[in-house]
Amino acid sequence: MTHEQPLVGGMDARRPPVRTGDTVRRPAGSSRLAVRDLLLHLESVGFDGAPRFLGTDDQSREVLTWIDGDVPRPPYPGWAMTDRALADLGGLVRRLHEATATFRGTTADWSTEWSDPVGGSVICHNDLYPENVVFREGRVVALIDFAMAAPGRPLWDLAIAAETWGPLGDPDRRDQHPLNLDGVARFGVLARAYGLEPERAEELVDVVIQERAHATANIRAEIAGGNASWIRHWADAGGDERAAADDAWIARHRAALIRSARG
Ligand SMILES: Nc1ncnc2c1ncn2[C@@H]1O[C@H](COP(=O)(O)OP(=O)(O)OP(=O)(O)O)[C@@H](O)[C@H]1O
Ligand SMILES: [Mg+2]
């Protein structure tokens, strides 16, 4: 039996994914069948920016390929936050969406709590945080952690990426990103790399606002329900006060963001 190395991960520290040799074993979530079909589809169309699905082990964990490289963790290092890396990400998300446009899964047990309530024509990753992106020599090579993937509008993923990589928010409260990042300019870098049509720039800003409202409502519901990891996580992230300050920053920069995304 090869040694299992726990991987520092997301919200549930009790059952972390583990690395075993060239594979990763993840406790399968409620969307396991849909994610399996999605990863098999991505492989079948030659999309190389995701782990391959290899099977299920005797503990019902999903077995995926290990992708060699570096995964940034907060506070995000400068090498992960370059404009070139952000442009790589935009291009990769575009390729993901194109690859999923032909996906016809037979199961639909997607995890939809955080996904686009409107639904859509592509499968969004929905968790485009730097912790779910593999780099090699400062370039983005792959996305991991598809547990939250679900059908959505392409702009939903782009909005999540813009919020977390811009970042879009009040620089005075920024504690996870290098201080010199210009969120407005980077909004445009991402939009152009994705190939967003300039006439959809305003729609993208609107989807950012929708996505934030949707996520915040979910978080408040989790907290009201006593979810201990969300209570801790939300407090660490600055809570309602920080969210309101970031919302206000986005509202103040609306016109500049639209101009930036128009290019
Ligand atoms: N296939 C992979 N290739 C390379 N590294 C991986 C892979 N899968 C996971 N990792 C590493 O392990 C970390 C945690 O894995 P992952 O993001 O899949 O789980 P998680 O965030 O704990 O899950 P969840 O968000 O569902 O709670 C990642 O941030 C990454 O560093
Ligand atoms: Mg993760």
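Relevant structure appears above.
Sequence order as written defines the numbering, with residues in each chain counted from 1. Following the order in which they are written, the chains are lettered starting with A and the ligands numbered starting with 1. Given that the model is predicted, a residue must reach a pLDDT of at least 70 before its local features are reported, and side-chain atom pairs must reach 80 or more before they are shown or counted; all residues, however, enter totals for whole chains, interfaces and linings. With hydrogens and water excluded, all non-hydrogen atoms of the structure serve as input to the side-chain values.

**A closer look at the sheet that holds strand S2 (residues 18-20)**
Strands in a sheet are paired, the pairing made by backbone hydrogen bonds, and the direction either parallel or antiparallel. Spatially, the five strands line up as an open sheet ordered S1-S2-S3-S5-S4, and their pairing is antiparallel. Looking at the sheet topology across the chains shown, the edges are occupied by strand S1 (5-6) and strand S4 (53-56). The sheet contact formed by S4 and strand S5 (residues 61-65) spans three bridges and is antiparallel. Note that in S5 the partner of Gly 55 across the bridge is Val 63. By definition, two strands form a pair when at least two bridges between them are found by DSSP. By definition, any uninterrupted DSSP run of H or I lasting at least four residues is a helix, any uninterrupted run of E lasting at least two residues is a strand, and each is numbered from the N terminus.

**As for the packing of aromatic side chains**
How two aromatic rings sit relative to each other is given by the distance of their centres and the angle of their planes. Ring pairs shown here join Phe, Tyr and Trp side chains whose ring centres sit within 6.5 Å, with only the six-membered ring taken for Trp; geometry is labelled stacked below 30 degrees between planes, edge-to-face above 60, and tilted in between. A full pass over the atoms with the stated rule returns four aromatic pairs. Summarising the aromatic geometry, the rings of Trp 79 and Phe 135 are spaced 5.2 Å apart at their centres and angled 80 degrees between planes, so their arrangement reads as edge-to-face. Taken together, the residues span a long stretch of sequence, with Trp 79 in the loop between S5 and helix H2 (83-100) and Phe 135 in strand S7 (residues 133-136) at a distance of 56 residues. Burial classes follow relative accessibility: with a 1.4 Å probe on protein chains only, a residue under 20% of its type's maximum area counts as buried, one over 50% as exposed, and anything between as partly exposed. You can call Trp 79 partly exposed: its relative accessible area is 36%. A relative accessible area of 0% places Phe 135 in the buried class. Clustering of aromatic rings is evident, with ring pairs tying together Trp 79, Phe 135 and Trp 165. We count a charge as sitting over a ring when the NZ of a lysine or the CZ of an arginine lies within 6 Å of the ring centre and within 35 degrees of the ring normal. Here the guanidinium or amino end of Arg 94 rests over the ring plane of Tyr 194, the centre of that ring lying 5.0 Å away.

**Looking at the side chain of Arg 186**
Residue placement: Arg 186 occurs in helix H4 (residues 183-194). Judged by its relative accessible area of 3%, Arg 186 falls in the buried class.

**Points about the coordination of the magnesium ion (ligand 2)**
Donor atoms: N, O and S within 2.8 Å of the metal, or within 3.2 Å for Na, K and Ca. Because water is excluded, sites can look incomplete. At this site the magnesium ion (ligand 2) is bound by Asn 132 (OD1) and Asp 145 (OD), with donor distances of 2.2 Å. With a gap of 13 residues between them, Asn 132 in the loop between strand S6 (122-124) and S7 and Asp 145 in the loop between strand S8 (139-143) and strand S9 (150-152) connect regions that are remote in the sequence. Taken individually, Asn 132 and Asp 145 each receive the classification buried, so the pair is uniform in this respect.

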